[in-house]
Amino acid sequence: MKGLLKKLGGVVAVASAALIGWLAFYPPELLKVGDGYAAKIVCSNVFLAGRDPEAVLAEDVQAPGHPLLKLVRVSVDRDEQSVTARILGFAAPGRAVYRPGLGCANVGGGSAQALAAAGQVDAGAAGVAHDPAVSWPDGSKADIDPAIQSIVEDPAWTGPGMRAVVVIRNGRLVAETYAAGFDRDTPLLGWSMTKSVTAAIIGRRIAEGRMDVARTALVPEWKGDERARIKLADLLAMQSGLAFNEDYGDVTDVTRMLYLESDMAGFVASKPLQAAPGTTFSYSSGTSNLLSRLWMRTFDDPAEALAYPREALFAPLGMTSAVMETDASGTFVGSSYMYATAQDWARFAEFLLQDGSWKGRRLLPKGYVSFMRTPTAVSGGDYGSGQVWLQENGIRAGTGNFPPDTFWMLGHDGQAIMLVPSLRLAIVRLGLTPSRLRYDVQKLNARIIEALD
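Residues numbered from 1 in each chain as written. Predicted model: local features only at pLDDT ≥ 70, side-chain atom pairs only at ≥ 80, totals over all residues. Heavy atoms only, no water.

Looking at the overall build of the chain
Part 1 of the argument: If you tally the helices and strands in the chain, you get 15 helices and 16 strands.
Part 2 of the argument: In the chain, the share of contacts with a sequence separation of at least 24, taken over all contacts with a separation of at least 6, comes to 61%.
Part 3 of the argument: When the accessible surface of the chain is split by element, carbon and sulfur atoms take 54% of a total near 18200 Å². (Helix = DSSP H or I, 4+ residues; strand = E, 2+ residues; numbered from the N terminus. Contact = heavy atoms within 4.5 Å. Areas by Shrake-Rupley, 256 points an atom, 1.4 Å probe, with all protein chains shown as cover.)

Here you go:
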């Protein structure tokens, strides 16, 4: 019996060693994605938002995510301003590095050298708090409407995982609330709301005569094949026809792009067509990152492109906290990675409510915001022509008490901004609310519309 137990013990030891060796030297891609995701989220929240790394790991990564993420451990190097994540503390390491003005990017292998070559930008006024004695948008002072404030302070309306709600009415901040541990100075991730910011940046380049929505032959690698027929307008409207799998929870195009690829736009540009351009709606974060590369390549100097979002958009609007992050190749992740305070997200929303003007200065072409929210036929009217939604949770603009000109910026895990130009109303709701919780932000939006004078 002792001999048998000894043999079994030896078998277990060998199997354990083999498993450890396999995980250490040949980890499955799913584990690499998980560690890359953990490193990136922790890095951004530590170095942009000033949060505790273990709290971010537990609350933002492990609690709402894949069960395997509960096995992840992170280490923070504050001297190098980097975060490394490892499954079980040793396997499939993922690393993200912070650069002032450009946020965090996943790096691995040769991409670390590429990241260093990409440089950094002057953070300028990033993170500077607005004067609390001056009314928003010039300062951070709220001009509270008690009726609306009572709604945003009620968890029944704001939902589980809420971190910030800000309401803008007639150009004034009339209500705001924050969860414990967050405040008006905390930068929060917008996830896919970043796509609408990318569309606005492209609008700036159109206004400057450097881009045209009708242009084709957008990517040199597409020369001579059917992809050369894709228009800039097709990419903006999510009807390019490029193959791209947007499913999360496994190793798909979107998770591979975000956490394993150092050149996200290059990865997307290599995709084949799965439908003729302009014929099929297919929501694709890859499309938005390709758009980032296209507008950045309208500059001869990469440093000018890196500085452009802050100089051309964030600074004029007073969005001092806003940081759009790049990948390791130096291309902005225009699909997913912009951090800003709730008040700064609201400044961007007010800018769209004013049709792309700010304090009398026109930044976007006249009518460009109307173009952004013009429904596309191939989406069945669900999506606009410029990276915005025309329905949320099955409720369309023009139904119920939502005016016909309503549109939405939407992001993963419960990020939402509703914009209603005819009411001069914007409602910003940020948080960590996975879809499985079945929270419906439209109930909050409808309730606030009902409460308007």
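Examining the nonpolar core
Part 1 of the argument: Grouped together as the largest cluster of nonpolar side chains are 107 residues, with contacts concentrated most on V197, W295, L313, M338, W345, F348 and F351.
Part 2 of the argument: The greatest single-element share of this core, amounting to 10 residues, is contributed by helix 2 (residues 29-47).
Part 3 of the argument: Other than its neighbours up to four places away in sequence, F348 contacts S196, V197, A200, L313, L317, M319 and M409.
Part 4 of the argument: Grouped together as the second largest cluster of nonpolar side chains are 27 residues, V167, W408, M418 and L452 included. (Core = buried A, V, L, I, M, F, W, Y, C linked by side-chain atoms within 4.5 Å. Buried < 20%, exposed > 50% of the residue type's maximum accessible area, 1.4 Å probe, protein only.)

Some thoughts on helix 2
Part 1 of the argument: When the terminal C-alpha atoms of helix 2 are compared, their 27 Å separation across 19 residues agrees well with the 27 Å that a helix rising 1.5 Å per residue should span.
Part 2 of the argument: Summarising burial for helix 2: 16 of the 19 residues are buried, a large majority. (Expected span 1.5 Å × (residues − 1).)

A word on the sheet that holds strand 8 (residues 323-324)
Part 1 of the argument: Reading across from one edge, 7-9-8 is the order of the three strands in this open sheet, with antiparallel pairing throughout. Among the strands making up the open sheet, the edge pair consists of strand 7 (188-189) and strand 8.
Part 2 of the argument: For strand 7 and strand 9 (residues 338-340), the ladder comprises two bridges, and the chain directions are antiparallel. Each bridged residue has a counterpart across the sheet, and for L189 the counterpart in strand 9 is Y339. (Pairing = 2+ DSSP bridges.)

A few points about unusual backbone geometry
Part 1 of the argument: Backbone torsion omega between W136 and P137 reads 10°, so that peptide bond is classified as cis.
Part 2 of the argument: With respect to the helices, strands and loops of the structure, P137 is situated in the loop between helix 4 (111-118) and helix 5 (146-152).
Part 3 of the argument: A positive phi angle, near 60°, is found at L88, a position not held by glycine.
Part 4 of the argument: With respect to the helices, strands and loops of the structure, L88 is situated in the loop between strand 2 (82-87) and strand 3 (91-99).
Part 5 of the argument: In this structure, W191 is a non-glycine residue whose phi angle is positive, near 45°.
Part 6 of the argument: As for its placement among the helices and strands, W191 is situated in the loop between strand 7 and helix 7 (194-207).
Part 7 of the argument: The class for W191 is buried, based on a relative accessible area of 9%.

Focus on a negative patch on the surface
Part 1 of the argument: A cluster of acidic residues, D300, D301, E304 and E311, forms a negative patch at the surface.
Part 2 of the argument: Tracing the chain through its elements places E311 in helix 12 (residues 302-317).
Part 3 of the argument: Under the relative-accessibility criterion, E311 is labelled exposed at 59%. (Patch = residues over 30% accessible without salt bridge, like charges linked within 9 Å, V, L, I, M, F, W, Y side chains within 5 Å. Salt bridge = Lys/Arg side-chain N within 4 Å of Asp/Glu carboxyl O. Lys, Arg positive; Asp, Glu negative; His and termini not counted. Charge placed at Lys NZ, Arg CZ, Asp CG, Glu CD.)

Focus on the environment of P100
Part 1 of the argument: Along the chain, the position of P100 falls in the loop between strand 3 and strand 4 (103-107).
Part 2 of the argument: Placed 225 residues apart in sequence, P100 and E325 show a C-alpha to C-alpha distance of 10.0 Å.

Points about a nonpolar patch on the surface
Part 1 of the argument: A surface patch of nonpolar side chains, amounting to about 240 Å² of accessible area, comprises L71, L88 and F90.
Part 2 of the argument: Given a relative accessible area of 46%, L88 falls into the partly exposed group.

Comments concerning the state of the cysteines
Part 1 of the argument: With the rule as written, the count across this model stands at one disulfide.
Part 2 of the argument: Linked covalently through their sulfurs, C43 and C104 form a disulfide whose S-S length is 2.1 Å. Classification of the bridge connecting C43 and C104 rests on its S-S torsion, roughly -75°, and on that basis the disulfide is left-handed. Pair noted here: C43 is in helix 2 and C104 is in strand 4, with a separation of 61 residues, a long-range link. Accessibility assignment for this pair places C43 and C104 in one class, buried. (Disulfide = S-S within 2.5 Å.)

Notes on the pattern of salt bridges
Part 1 of the argument: One pass over the full model with this rule turns up 19 salt bridges.
Part 2 of the argument: The closest approach of N and O atoms between K359 and D138, which form a salt bridge, is 2.5 Å. One end of the pair, K359, is in the loop between strand 10 (357-358) and strand 11 (361-362); the other, D138, is in the loop between helix 4 and helix 5, with 221 residues separating them in the sequence.
Part 3 of the argument: By relative accessible area, which is 46% here, D138 ends up partly exposed.
Part 4 of the argument: Among the charged side chains, a salt-bridge network with shared partners connects R51, E59, D60 and R163.

Focus: the side chain of T198
Part 1 of the argument: Tracing the chain through its elements places T198 in helix 7.
Part 2 of the argument: Look at T198 and you get buried, because its relative accessible area is 0%.
Part 3 of the argument: Here the side chain of T198 touches G334 through a polar contact of 2.8 Å, landing on its backbone oxygen. (Polar contact = N/O pair within 3.5 Å; in protein donor to acceptor, adjacent residues only side chain to side chain.)

Describing the sheet that holds strand 15 (residues 415-420)
Part 1 of the argument: Taken together, the five strands give an open sheet; going across it, the order is 6-5-16-15-14, and neighbouring strands pair in antiparallel fashion. Of all strands in the sheet, those bounded by a partner on one side alone are strand 6 (172-178) and strand 14 (407-411). Here the average twist between neighbouring strands, direction ignored, is 5°.
Part 2 of the argument: As paired elements, strand 15 and strand 16 (residues 425-431) share five bridges and run antiparallel to each other. Residue pairing across strands places M418 opposite I427, the latter belonging to strand 16.
Part 3 of the argument: Across the face of the sheet, helix 13 (residues 342-353) comes into contact with strand 5 (162-169), strand 6, strand 14, strand 15 and strand 16 while running at roughly 150° to strand 16. (Axes fitted to C-alpha atoms, helices over the stretch in contact; angles between N-to-C directions.)

A short note on the environment of R361
Part 1 of the argument: Here R361 lies in strand 11.
Part 2 of the argument: Note on R361: relative accessible area 45%, which makes it partly exposed.
Part 3 of the argument: Each C-alpha atom of the pair R361 and P316 lies 9.2 Å from the other, and the pair is 45 residues apart in sequence.

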